[in-house]
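Secondary and tertiary structure notes
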Amino acid sequence: MDSIIKKARALMEEEALGLGKICEENFYRVLNAFREEKVSAQHFRTTTGYGYNDMGRDKLEQVYARVFGAEAALLRQNIVSGSHAIFLALAGNLLPGDQLLSLGLPYDTLQTVMGINHPTPGSLRESGVECTIYDMDFAHPKLEEIKAQLTARTKIVALQRSRGYSLRPSLSVKSIVEICDAVKSVRPDVIFFVDNCYGEFVETKEPSMFSVDLMAGSLIKNPGAGIAPGGGYIVGRAELVERAAVRLTVPGAGSELGPTLSDPRPYYQSLYLAPQIVLEALLGAIFSACVLEQLGFQVSPGSRESRADIIQTVKLSTPERLIAFCQGIQKYSPVDGFVSPLPWPMPGYDNDIIMASGSFVDGSSIELSADAPLREPYVVFMQGGLNRWHTVYALENTLRDMQAQGLL
């Protein structure tokens, strides 16, 4: 094991130079957005009641819009998850009779949002939206086939950047833009939406800087940097973002409503730190991939493959290994390290889920975490790590524990 760890540490440090350049460029973009929007201490104040004229809230949304190259942004503390942000973006821009075309099967919770796996109160399907899934080849997207899926009723084409709980590859910004442009060549009026969860700041560009119309993500993932205590964001064309805001609040007021009830400073500070934290998460993922490859496990991405998000998958093949791996990551976490997670029927999922997340922000997946649905082929999804050395420590000790248990 020692030689395997040594080789993985060397690769991690080797990759740090190239990824550090991406981090540097992203950091300058964030820093300059703060400067150009003239952020000041007066924006770090809470508000109450309706939230009219909330300077801190409005300024933060302007900063987000600038960072993501979008016309407008909606960032609210009461968006409870990435799935919530995505639902707001979709539901706010779909009417009964419209078609939502999803390129590929979306993440488990989004299947519930759409109502495609079973009837769900409040789902898009119950609201009269036709939800269609195109089984896309993510490794080699067939643009002509994608264009052929469009109909006169197609209102939104949705694409998930990250792999979710699947083994398909995550998509680079370049691939996303190519797919978007192909759709727009046939139907320039179609809204192209991207679920950007886990992808922020992994590359130097974001999909919303190009032809993508609308995008959403979670603040307990990359842009929250382990500091934001919750929330989500939506960025894109101003009229589309405002329709999402109307769905969150009330028609006629939209984004004008919504007080900042808790300290807004962590939301500013987290964005400022996000490029550096994403770098740490990526380096930890490269270390993990290198170790597990050498142990004979099937991993994706490989240790030397380019990355489009922070997720590292490992095919563990048995439920015993899957559970032991997640329990090990939890054991070597700073919070609740004395707890042993077990699979449970988590709301919004069709399979029991095991989740290791010994994090300062509950459920944060920019902090080191490992989770998986308890289903074949028993693949664990690792992500996050505020510090690469936490990932090194947790993985090394988890694998030694598994070796002692006869699971390796």
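Model, not experiment: these values are computed from the prediction. (Residues numbered from 1 in each chain as written. Predicted model: local features only at pLDDT ≥ 70, side-chain atom pairs only at ≥ 80, totals over all residues. Heavy atoms only, no water.)

Examining the overall build of the protein
- Scanning the protein from terminus to terminus reveals 10 helices and 12 strands.
- In terms of overall size, the protein behaves like a compact globule, its C-alpha atoms giving a radius of gyration of 21 Å where 408 residues would be expected to give roughly 22 Å.
- Its C-alpha atoms give the protein principal-axis dimensions of roughly 60 × 50 × 35 Å.
- Out of the 408 residues belonging to the protein, those deemed buried represent 57%. (Helix = DSSP H or I, 4+ residues; strand = E, 2+ residues; numbered from the N terminus. Rg over C-alpha atoms; globule rule 2.2 N^0.38 Å. Buried < 20%, exposed > 50% of the residue type's maximum accessible area, 1.4 Å probe, protein only.)

Description of the sheet that holds strand S12 (residues 379–383)
- Strand order in the open sheet formed by five strands is S8-S9-S12-S11-S10, with antiparallel pairing between adjacent strands. In this open sheet, the two strands that pair with only one neighbour each are strand S8 (298–300) and strand S10 (353–356). Taken over all neighbouring pairs, the strand axes of this sheet differ in orientation by 20° on average, direction set aside.
- Both S10 and strand S11 (residues 369–373) contribute to a ladder of four bridges, which runs antiparallel. Counted as the bridge partner of Met355 is Asp371 from S11. (Pairing = 2+ DSSP bridges. Axes fitted to C-alpha atoms, helices over the stretch in contact; angles between N-to-C directions.)

Some remarks on the nonpolar core
- Counting 98 residues, the largest nonpolar core has Tyr64, Leu103, Met136, Leu159, Phe192 and Phe325 as its most contacted members.
- Ranked by the residues each element gives to this core, the list is headed by helix H8 (residues 265–294), at 16 residues.
- Aside from chain neighbours lying at most four places away, what touches Leu159 is Leu103, Met136, Phe138, Leu171, Ile176, Ile179, Phe192, Phe193, Val194 and Asp195.
- Membership of the second largest hydrophobic core comes to 30 residues, among which are Ile79, Leu88, Val241 and Ala245. (Core = buried A, V, L, I, M, F, W, Y, C linked by side-chain atoms within 4.5 Å. Contact = heavy atoms within 4.5 Å.)

A few points about helix H7 (residues 238–248)
- Along H7, the residues that are buried comprise Leu240, Val241, Ala244, Ala245 and Leu248. Take H7 and look down its axis: the buried residues cluster within an arc of 145°, on one side only.
- Packing partners of the buried residues in H7 comprise strand S1 (72–76), helix H3 (82–91), strand S5 (191–195), strand S6 (214–218) and strand S7 (232–236). (Arc of directions from axis to C-beta.)

Some details on the pattern of salt bridges
- Taken as a whole and judged by the stated rule, the model has 23 salt bridges.
- With its nearest N and O atoms 2.5 Å apart, the salt bridge here joins Lys184 to Asp213. Of the two residues, Lys184 is situated in helix H6 (residues 173–186) and Asp213 in the loop between S5 and S6; the sequence distance between them amounts to 29 residues.
- As a salt-bridge pair, Asp401 and Lys331 come within 3.3 Å of each other at their nearest N and O atoms. Linking Asp401 in helix H10 (residues 388–404) with Lys331 in helix H9 (residues 319–331), this pair joins segments that are 70 residues apart in sequence.
- When its relative accessible area of 44% is taken as the criterion, Lys331 is described as partly exposed.
- What you see here is one network of salt bridges that share partners, running through Glu36, Glu37, Lys59 and Arg66. (Salt bridge = Lys/Arg side-chain N within 4 Å of Asp/Glu carboxyl O.)

Let's talk about the packing of aromatic side chains
- Applying the stated criterion to the full structure yields 13 aromatic pairs.
- Between Phe27 and Tyr272, the aromatic rings sit 5.3 Å apart at their centres with planes inclined by 75°, giving edge-to-face as the arrangement. On the criterion of sequence distance, the pair formed by Phe27 in helix H1 (residues 2–36) and Tyr272 in helix H8 is long-range, its members being 245 residues apart.
- Judged by centre distance (6.3 Å) and plane angle (75°), the ring pair of Phe34 and Tyr272 falls under edge-to-face. Placement of Phe34 in helix H1 and of Tyr272 in helix H8 is noted, with a sequence separation of 238 residues between them.
- Looking at Phe34, the relative accessible area reads 14%, which means it is buried.
- By way of ring pairs, the aromatic residues Phe27, Tyr28, Phe34, Phe44, Tyr268 and Tyr272 are connected into one cluster. (Phe/Tyr/Trp six-rings, centres within 6.5 Å; stacked < 30°, edge-to-face > 60°.)

Notes on the pairing of strand S2 (residues 99–103)
- The element S2 is largely enclosed, with a buried count of five among its five residues.
- With burial as the criterion, each face of S2 is covered, one bearing Gln99, Leu101 and Leu103 and the other bearing Leu100 and Ser102.
- Bridging between S2 and strand S3 (residues 130–134) involves five bridges; their strand directions are parallel. Within S3, the residue paired with Leu100 across the bridge is Cys131.
- Note that the unit made of S2, helix H4 (residues 108–114) and S3 has a crossover that is right-handed. (Right-handed = clockwise from strand over helix to strand, strands pointing away.)

What to know about H8
- With 30 residues, H8 should reach 44 Å at 1.5 Å per residue; the first-to-last C-alpha distance of 43 Å fits that figure.
- At Ala274, H8 shows its largest bend, some 50°, and a proline, Pro275, comes one to four positions later.
- Immediately downstream of H8, the backbone of Gly296 shows phi near 95°, a positive value. (Expected span 1.5 Å × (residues − 1). Bend = angle between axes of the 7 residues up to and from the residue.)

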